[in-house]
Amino acid sequence: MTTILVTGGTGTLGRLVTERLRATEQEVRVLSRHAQPYAVDLRKGGPGLDLAVADVDVIVHCASTQTGGDEKAAANLIAAARRAGVGHLVYISIVGVDRVPFGYYRTKHAVERLVEESGLGWTVLRTTQFHDLVRGVLRGFAKLPVMLLPAGVGDQPIEVSEVADRLAELALRPPAGRVADMGGPEVRTFEELARTYLRATGKKRAVLSVPLAGKAYRAFREGGHLTPERAVGKRSFEEFMAQR
């Protein structure tokens, strides 16, 4: 039996990874800021983190926040993993973190480098955005009478459960370095995604595409966050919204 620690194990992705690993009868520990007995803020570290990684064979690092601190959290986790002799660290990242100069993407790329230089056995999987995130973004846009969308930008959303399946698979295999990206089944414009959202929710909004400025926007328009050659996802955004 392998002992596996899932950071962010109560989150959208981490919860599903935990379920899949437990279904294979592995010993799985869940680390999050509020989940006992391993309630740890990775940005602070401390004795609780050392307890969580003690005798662990594999760490699946799903914990992340867009409010800052991911690099510090990863550094603390890696240091604790070294002390505990962890053999394999699996990290979930985002397609395009090395191509799109967007703040959160830069942070994810920096964490990738920390993982790669950690001295631990490591695996990094990059995926496109989850359906759940795209729905949340569109819900925010729909709060106004007119949905203002970034002109010329597409997305390639993927089902989070499919990513969880792949992460669980990787956690049970030897370290593999940077593995092939995972993208959703198709690239869609934001206008198409918005109209799918509106139909599914029964909301009526005007939709207007607005050009933006800046290097990050240019990189998104150029598709730096997409991987059409790795469109391995099965479930479409329409199917996701229909179920919701």
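Predicted model only: the values in this text are computed from it and were never measured.

S.K.: So, the overall build of the protein: which residues are in play, and what are the values?
M.R.: Within the protein one finds nine helices and ten strands. At 19 Å, the protein has a C-alpha radius of gyration in line with the 18 Å of a compact globule built from 244 residues. For the C-alpha atoms alone, the extent of the protein along its principal axes is close to 55 × 35 × 35 Å. Here the protein holds 244 residues, and the buried ones make up 51% of them. Accessible surface computed for the protein: about 11400 Å², of which carbon and sulfur atoms make up 51%. Charged side chains in the protein number 34 positive and 27 negative. The centres of these two groups are separated by 6 Å.

S.K.: I'd like a description of the sheet that holds strand β4 (residues 88-94), backed by residues and values.
M.R.: Overall, parallel pairing links the six strands, which are arranged β2-β1-β3-β4-β5-β8 in an open sheet. A strand with exactly one partner marks an edge of an open sheet, and here the two such strands are β2 (27-31) and β8 (177-178). The pairing of β4 with strand β5 (residues 121-127) spans seven bridges and is parallel. Bridged to Ser-93 within β5 is Arg-126. Contacts between helix α6 (residues 160-171) and the sheet are confined to β3 (58-61), β4 and β5, with β4 contributing the most and set at about 155° to the helix.

S.K.: How would you sum up the packing of helix α1 (residues 12-23) against α6? Please name residues and give values.
M.R.: Look at α1 against α6: their axes get within 8 Å of each other, and the N-to-C directions meet at 50°. On the basis of their axis angle, the class for α1 and α6 is oblique. The two elements α1 and α6 meet at a crossing, and its hand is right-handed. Each of Thr-12, Leu-13, Leu-16, Val-17, Arg-20 and Leu-21 in α1 lies in contact with α6, whose residues at this interface are Val-160, Ser-161, Val-163, Ala-164, Asp-165, Leu-167, Ala-168 and Ala-171. Here the residues of the contact of α1 with α6 sort into ten nonpolar, two polar and two charged.

S.K.: Go over the packing of aromatic side chains with me, naming the residues and quoting the values.
M.R.: In this description, an aromatic ring pair is defined by two values, namely the gap between the centres and the angle between the planes. This model, assessed by the stated rule, comprises four aromatic pairs. Both rings, one in Phe-102 and one in Tyr-105, keep their centres 5.7 Å apart while their planes meet at 80°; by these two values the pair is edge-to-face. The exposure class of Tyr-105 is buried, given its relative accessible area of 3%.

S.K.: Outline helix α7 (residues 190-201), listing residues and values.
M.R.: A rise of 1.5 Å per residue sets the reference length of α7, with its twelve residues, at 16 Å; its end C-alpha atoms lie 16 Å apart and thus fit the reference within 8%. Of all the positions in α7, only Phe-190, Leu-193, Ala-194, Thr-196, Tyr-197 and Leu-198 are classed as buried. In this structure, the buried side of α7 is in contact with α5 (131-141), β6 (146-150), β7 (154-155), β9 (188-189), β10 (206-210) and α9 (237-243). Positive backbone phi, at 75°, marks Gly-202, one or two positions downstream of α7.

S.K.: I'd like to hear about helix α3 (residues 70-84), residue by residue, with values.
M.R.: With 15 residues, α3 should cover 21 Å at 1.5 Å per step; its first-to-last C-alpha distance of 21 Å lies within 8% of that length. Taken together, the buried positions of α3 are occupied by Asp-70, Ala-73, Ala-74, Asn-76, Leu-77, Ile-78, Ala-80 and Ala-81. Tucked into the core, α3 has its buried residues touching β1 (3-7), α2 (47-53), β3, β4 and α4 (103-116). Note on α3: the residue one or two positions beyond its end, Gly-85, has a positive phi of about 75°.

S.K.: Could you give an account of unusual backbone geometry, with specific residues and numbers?
M.R.: Each neighbour pair has its own omega, and for Gln-36 with Pro-37 the value is 5°, a cis peptide bond. Even without being a glycine, Asp-55 presents a positive backbone phi close to 65°. On the secondary structure map, Asp-55 appears in the loop between α2 and β3.

S.K.: Please provide a residue-by-residue account of the packing of α5 against α7, values included.
M.R.: Any two packed helices are characterised by the angle at which their axes cross and by the distance between the axes. Two numbers describe how α5 lies on α7: the axes approach to 10 Å, and their chain directions differ by 80°. In this view, α5 runs roughly perpendicular relative to α7, as classed from their interaxial angle. Residues Val-134, Arg-135, Val-137, Leu-138, Arg-139 and Phe-141 of α5 touch α7, and the partners they reach there are Phe-190, Leu-193, Ala-194 and Tyr-197. The residue makeup of the contact of α5 with α7, split by class, is eight nonpolar, no polar and two charged.

Cut-offs and rules
Residues numbered from 1 in each chain as written. Predicted model: local features only at pLDDT ≥ 70, side-chain atom pairs only at ≥ 80, totals over all residues. Heavy atoms only, no water. Helix = DSSP H or I, 4+ residues; strand = E, 2+ residues; numbered from the N terminus. Rg over C-alpha atoms; globule rule 2.2 N^0.38 Å. Buried < 20%, exposed > 50% of the residue type's maximum accessible area, 1.4 Å probe, protein only. Areas by Shrake-Rupley, 256 points an atom, 1.4 Å probe, with all protein chains shown as cover. Lys, Arg positive; Asp, Glu negative; His and termini not counted. Charge placed at Lys NZ, Arg CZ, Asp CG, Glu CD. Pairing = 2+ DSSP bridges. Contact = heavy atoms within 4.5 Å. Axes fitted to C-alpha atoms, helices over the stretch in contact; angles between N-to-C directions. Parallel < 35°, antiparallel > 145°, perpendicular 65-115°, else oblique. Left-handed = near helix turned anticlockwise from the far one by under 90°. Nonpolar A, V, L, I, M, F, W, Y, C, P; charged D, E, K, R; others polar. Phe/Tyr/Trp six-rings, centres within 6.5 Å; stacked < 30°, edge-to-face > 60°. Expected span 1.5 Å × (residues − 1).

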